[in-house]
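Tertiary structure, described
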Amino acid sequence: MVAAQSGVTLDETLFPARRTGRGEIPGEGLEIGGIPVARLAERVGGTPFFAYDRELISRRVAAVRDILPAGIHLHYAVKANPMPAVLHHMATLVDGFDIASAGELGRALDTGVRPELIGFAGPGKTEAELRRAVAAGVTVELESATEVRRVRKVAELLGLPARVAVRVNPDFTVKGSGMRLGGGPQQFGVDAERVPALLDEITRAGLDPLGFHIFAGSQNLRADSLREAQEATVELALRLAESLPGPLRYLNLGGGFGIPYATRDTPLDLPSVGERLGELLETRIRPRQPAARVVIELGRYLVGEAGVYVTRVVDRKESRGTTFLVVDGGLHHQLAASGNFGQVIRRNYPIAVAHRAAPVPGEETVTVVGCLCTPLDLLGDRVSLPRAEPGDLIAVFQAGAYGLTASPTAFLGHPEPNEVLV
Ligand SMILES: Cc1ncc(COP(=O)(O)O)c(C=O)c1O
């Protein structure tokens, strides 16, 4: 594991339980932010709950900053985890935010981050959202010709200048991304080949395009394909910049750095990505577009491994040779761990018995399910765990990103879980 200049290694930004392997909790049980998990459960008012570790987030951001070249501005993609306490903490660590709705706009502004350091990307922005964005002074990343007209109208109505950039749907795809957001026909951005004409239209509308947002895919663990994608993105941006009325002032390369979920996943080789990015900055971008503010906006990579979803075993039952542990949470809170968000073939997230009232030696193979009456509500399929009984706590790791925010909380009318930053 490469040590960052701050002395923090990427490995140190994982829960100790993740470092030592699946299902094993060292010592007396899981601690989150130095607090034993059973005590934390009492503190937050019971299970299920999500806990995010402040120190692990800080360490991860420090390690990423050390590895990425100095000229790169690190933004946080709010969609990954919009909990207000997380955002306030993140605002002290990163250079800006990426938002995708007026709701996220409000939360981002509440942290005190300067509006010009917030980028608003996403299809289907309504006029009401654009009014709020222009009034706030954030950068609107235009996704269509209709949006250009709407922003112009809003700017005129409000008598305010609008900060705009163009979200580009690239003319290439990225290999290895769990979720593709660019290449081929897309609801995101403007097809690269249409961008020069759109830039003309933007300028004729009296707007000043600052540059481009180009992002092709999320959850990528392959350094080679991220490097390739960044090379292709930079070349595309430099080409499109020739059609800008002025210099390129903003180049957002998106997010997409993946984290390992399954045991066989290999963590991303971030130093290799950072090294190539540094070369691109020095040899391609700086000589041709020295004024460009180059941004990477990461979500999952900054927070995903700093979060745990904690549930309590409610029932333990046998059915035709299978032992089921039924817990008080499920896919309504943590859809991703059930395999129904961003996975083609379901794989278990790392799962462990976090605390046992009466430990007994030995391991067993069990299936951990949630409390919803659907077979989709599966948190651990035939996992090897220490024997657990009703009342014991089960932790699902890698729950810091696209967890609660990406889950159908209303489904079956159970209460919302607590969230805590410790
Ligand atoms: C526009 C935009 N920026 C950033 C991100 C963050 O991606 P990730 O969490 O993979 O870093 C996304 C994710 O979908 C996105 O759509």
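Shown above is the structure to which this text applies.
In this report, we go over the structure that sits alongside the text. (Residues numbered from 1 in each chain as written. Predicted model: local features only at pLDDT ≥ 70, side-chain atom pairs only at ≥ 80, totals over all residues. Heavy atoms only, no water.)

Along its 14 residues, helix H7 (residues 145-158) runs 20 Å from first to last C-alpha, staying within 8% of the 20 Å computed at 1.5 Å per residue. Those residues of H7 lying buried are Glu147, Val148, Val151, Val154 and Ala155. Taken down its axis, H7 places every buried residue within 135° of arc, on the same side. The elements touched by buried residues of H7 are helix H6 (127-136), strand S7 (139-142), strand S8 (163-169) and helix H8 (195-204). Backbone nitrogen of Thr146 and a side-chain oxygen of the N-cap are separated by 3.4 Å at the start of H7; the cap is Ser144. Backbone geometry just after H7 places Gly159 at a positive phi near 65°. (Helix = DSSP H or I, 4+ residues; strand = E, 2+ residues; numbered from the N terminus. Expected span 1.5 Å × (residues − 1). Buried < 20%, exposed > 50% of the residue type's maximum accessible area, 1.4 Å probe, protein only. Arc of directions from axis to C-beta. Contact = heavy atoms within 4.5 Å. Polar contact = N/O pair within 3.5 Å; in protein donor to acceptor, adjacent residues only side chain to side chain.)

Once that is clear, we can look at the environment of Val273. Relative to the helices and strands, Val273 is located in helix H10 (residues 270-288). Its relative accessible area of 0% is what places Val273 among the buried residues. Each C-alpha atom of the pair Val273 and Ala223 lies 5.8 Å from the other, and the pair is 50 residues apart in sequence. Ignoring sequence-local partners within four residues, the contact set of Val273 consists of Ala223, Leu226, Arg227, Gln230, Phe257 and Leu268.

Take unusual backbone geometry next. With an omega dihedral of -10°, the bond running from Thr47 to Pro48 counts as a cis peptide bond. By the secondary structure assignment, Pro48 is in the loop between helix H2 (37-44) and strand S3 (49-52). In this structure, Arg382 takes a positive phi of about 50° despite not being glycine. Structurally, Arg382 can be placed in strand S19 (residues 378-386). Of the residues examined, Arg382 reaches a relative accessible area of 62% and is grouped as exposed. Not every positive phi belongs to a glycine, and Tyr402 is a case in point at roughly 50°. Positionally, Tyr402 belongs in the loop between strand S20 (393-396) and strand S21 (418-421).

With that settled, consider the site of the ligand. Every one of the 16 residues lining the ligand counts as a neighbour, but Ser218, Gly256, Glu297, Arg300 and Tyr402 are closest to it. Between the ligand and the protein, one listed contact pairs an oxygen atom with a side-chain N or O atom of Ser218 at 2.6 Å. One nitrogen or oxygen atom from the side chain of Glu297 is found 2.6 Å from a nitrogen atom belonging to the ligand. Protein contacts shield 94% of the accessible area of the ligand, which totals 390 Å² for the unbound molecule. Those elements giving two or more residues to the shell around the ligand turn out to be strand S12 (217-220) and strand S14 (293-298). Of the residues that constitute the shell around the ligand, the class distribution is five nonpolar, six polar and five charged. (Near = heavy atom within 4 Å. Areas by Shrake-Rupley, 256 points an atom, 1.4 Å probe, with all protein chains shown as cover. Nonpolar A, V, L, I, M, F, W, Y, C, P; charged D, E, K, R; others polar.)

Our next topic: the nonpolar core. If you look at soluble globular proteins, the nonpolar side chains tend to sit buried side by side. In terms of nonpolar packing, the biggest core is built from 132 residues, with Tyr76 and Phe212 touching the most fellow members. Per element, the largest residue contribution to this core is nine residues, and it comes from helix H9 (residues 223-241). Excluding residues that lie within four positions of it along the chain, Tyr76 makes contacts with Asn81, Val86, Leu87, Met90, Val94, Gly96, Phe97, Asp98, Leu298, Gly299, Leu302 and Val303. (Core = buried A, V, L, I, M, F, W, Y, C linked by side-chain atoms within 4.5 Å.)

Moving on, we come to the pattern of salt bridges. For the coordinates displayed, the defined rule picks out 25 salt bridges. Where Asp95 meets Arg65, a salt bridge forms, and the shortest distance between an N and an O atom there is 2.9 Å. Note that Asp95 is positioned in the loop between helix H4 (84-91) and strand S5 (96-99) and Arg65 in helix H3 (residues 54-67), a separation of 30 residues in sequence. Classification of Asp95 as partly exposed rests on a relative accessible area of 21%. Where Lys125 meets Glu147, a salt bridge forms, and the shortest distance between an N and an O atom there is 2.8 Å. One end of the pair, Lys125, is in the loop between strand S6 (118-120) and H6; the other, Glu147, is in helix H7, with 22 residues separating them in the sequence. The pair Lys125 / Glu147 is uniform in exposure class, with both members buried. Linked by salt bridges that have partners in common, Lys125, Glu143, Glu147 and Arg167 make up one network. (Salt bridge = Lys/Arg side-chain N within 4 Å of Asp/Glu carboxyl O.)

With that settled, the discussion passes to the packing of aromatic side chains. Taken as a whole and judged by the stated rule, the model has seven aromatic pairs. Ring geometry for Phe50 versus Tyr52: centroids 6.3 Å apart, planes at 25°, classification stacked. Phe50 gets classed as buried once you look at its relative accessible area, which sits at 0%. The exposure class of Tyr52 is buried, given its relative accessible area of 3%. Members of the aromatic cluster, joined through ring pairs, are Phe50, Tyr52 and Tyr309. Residue placement shows Arg60 over the ring face of Tyr301; its charged tip is 4.5 Å from the ring centre. (Phe/Tyr/Trp six-rings, centres within 6.5 Å; stacked < 30°, edge-to-face > 60°. Lys NZ or Arg CZ within 6 Å of the ring centre and 35° of its normal.)

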